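Breakdown of the fold
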Amino acid sequence: MTKSRKEFTLDDAVREFVRHPTPWMIAAALATASTLRLLLGDWQPTDALIPLAMLAAFPFVEWIIHVVILHWRPRRIAGLVLDPLLARKHREHHVDPRRVELIFIPWQALLWVLPAAVILAVVVFARLELALTFVAFLAALGLVYEWMHYLIHADYKPRSAVYKAIWRNHRQHHFKNEKFWFTVTSAGTADRVLGTGPDPRSVPTSPTAKNLHALNP
């Protein structure tokens, strides 16, 4: 028997969360990068500055990914339909926000996203140690994203004021209007700066919140 929202606890959420592959894939990247970074040592101020910069930028990166990639409208280019897996899965997620397997980043995407992040870090940063700091913190942010996104869509009832704000922000995106509230792990950050965090009372309920781009018949 399915538990009601009132009965669904954090322990229940954790048990469900760890049943899915992407948290484990991201956690493996985090553990590997962190272990290698600790073994190499040679700590410098940039090893603290890079995570701080990433933390500040994360709401905006999250916003850009959500708007540009996840809400990508299929396009025909040179006779081919360009409709990436991430966009297709995200449209399915909007159709049924409670369908658990669609809450997580598709594991198929992580097969190339994680190696690409490692290659990017090695190319961009002059020190291997700093590249590993970047990869480890990126994986940590990814794990936080997966957990927060899952929890928002699960039957766990918000308790803290901070979590209530984040929960409300993302659920308004799904059930009020898909053209606003694009951040997932924060509220009142990138959306407010970029003009997509209006007073919900001023926004009409969208008929396409569960049918992105009105593509479904």
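An unreviewed UniProt entry annotates the chain as Sterol desaturase family protein originating from [Mycobacterium] burgundiense.

So, helix α2 (residues 21-40)
Taking 1.5 Å per residue as the helical rise, α2 with its 20 residues ought to reach 28 Å, and the 29 Å between its terminal C-alpha atoms agrees with that figure. Those residues of α2 that fall on the buried side of the exposure criterion are Thr22, Pro23, Ile26, Ala29, Ala33 and Arg37. The arc that holds every buried residue of α2, seen down its axis, measures 130°, which confines them to one face. Opposite its buried face, α2 presents the exposed residues Trp24, Leu38 and Leu39, each directed more than 90 degrees away. Turning to α2, the residues buried within the fold contact α1 (10-17), α3 (46-70), α5 (107-124) and α6 (128-153).

Here's the deal with the packing of α2 against α6
Running from N to C, α2 and α6 point in directions that differ by 150°, and their axes come no closer than 8 Å. By the angle between their directions, the pair α2 and α6 is classed as roughly antiparallel. Once α2 is placed against α6, the crossing between them reads as left-handed. In contact with Thr22, Pro23, Ile26, Ala27, Ala29, Leu30, Ala33, Ser34, Leu36, Arg37 and Leu40 of α2, α6 contributes Leu128, Glu129, Leu132, Thr133, Val135, Ala136, Ala139, Ala140, Gly142, Leu143 and Glu146.

Observations concerning the packing of aromatic side chains
For the structure shown, the criterion picks out 9 aromatic pairs. Between tryptophan 147 and tyrosine 150, the ring centres sit 6.2 Å apart and the planes meet at 45°, which makes this aromatic pair tilted. With tryptophan 147 and tyrosine 150 both in helix α6 and 3 residues apart, this pair spans about one turn of that helix. The exposure class of tryptophan 147 is partly exposed, given its relative accessible area of 23%. Looking at tyrosine 150, the relative accessible area reads 2%, which means it is buried. In this structure, arginine 37 packs its charged tip against the face of tryptophan 43, placed 3.8 Å from the ring centre. For the cation-ring pair, arginine 75 lies above tryptophan 72, with the distance from its terminal atom to the ring centre recorded as 4.0 Å.

As for the pattern of salt bridges
A full pass over the atoms with the stated rule returns 11 salt bridges. In this structure, aspartate 47 engages arginine 127 in a salt bridge whose closest nitrogen and oxygen atoms are separated by 3.6 Å. With aspartate 47 in helix α3 and arginine 127 in the loop between α5 and α6, this residue pair connects regions lying 80 residues apart in the sequence. Take arginine 127: its relative accessible area is 17%, and that puts it in the buried class. Look at the salt bridges and you will find they share partners, linking Arg37, Asp42, Asp47, Arg127 and Glu129 into a network.

About the thresholds
Residues numbered from 1 in each chain as written. Predicted model: local features only at pLDDT ≥ 70, side-chain atom pairs only at ≥ 80, totals over all residues. Heavy atoms only, no water. Helix = DSSP H or I, 4+ residues; strand = E, 2+ residues; numbered from the N terminus. Expected span 1.5 Å × (residues − 1). Buried < 20%, exposed > 50% of the residue type's maximum accessible area, 1.4 Å probe, protein only. Arc of directions from axis to C-beta. Contact = heavy atoms within 4.5 Å. Axes fitted to C-alpha atoms, helices over the stretch in contact; angles between N-to-C directions. Parallel < 35°, antiparallel > 145°, perpendicular 65-115°, else oblique. Left-handed = near helix turned anticlockwise from the far one by under 90°. Phe/Tyr/Trp six-rings, centres within 6.5 Å; stacked < 30°, edge-to-face > 60°. Lys NZ or Arg CZ within 6 Å of the ring centre and 35° of its normal. Salt bridge = Lys/Arg side-chain N within 4 Å of Asp/Glu carboxyl O.

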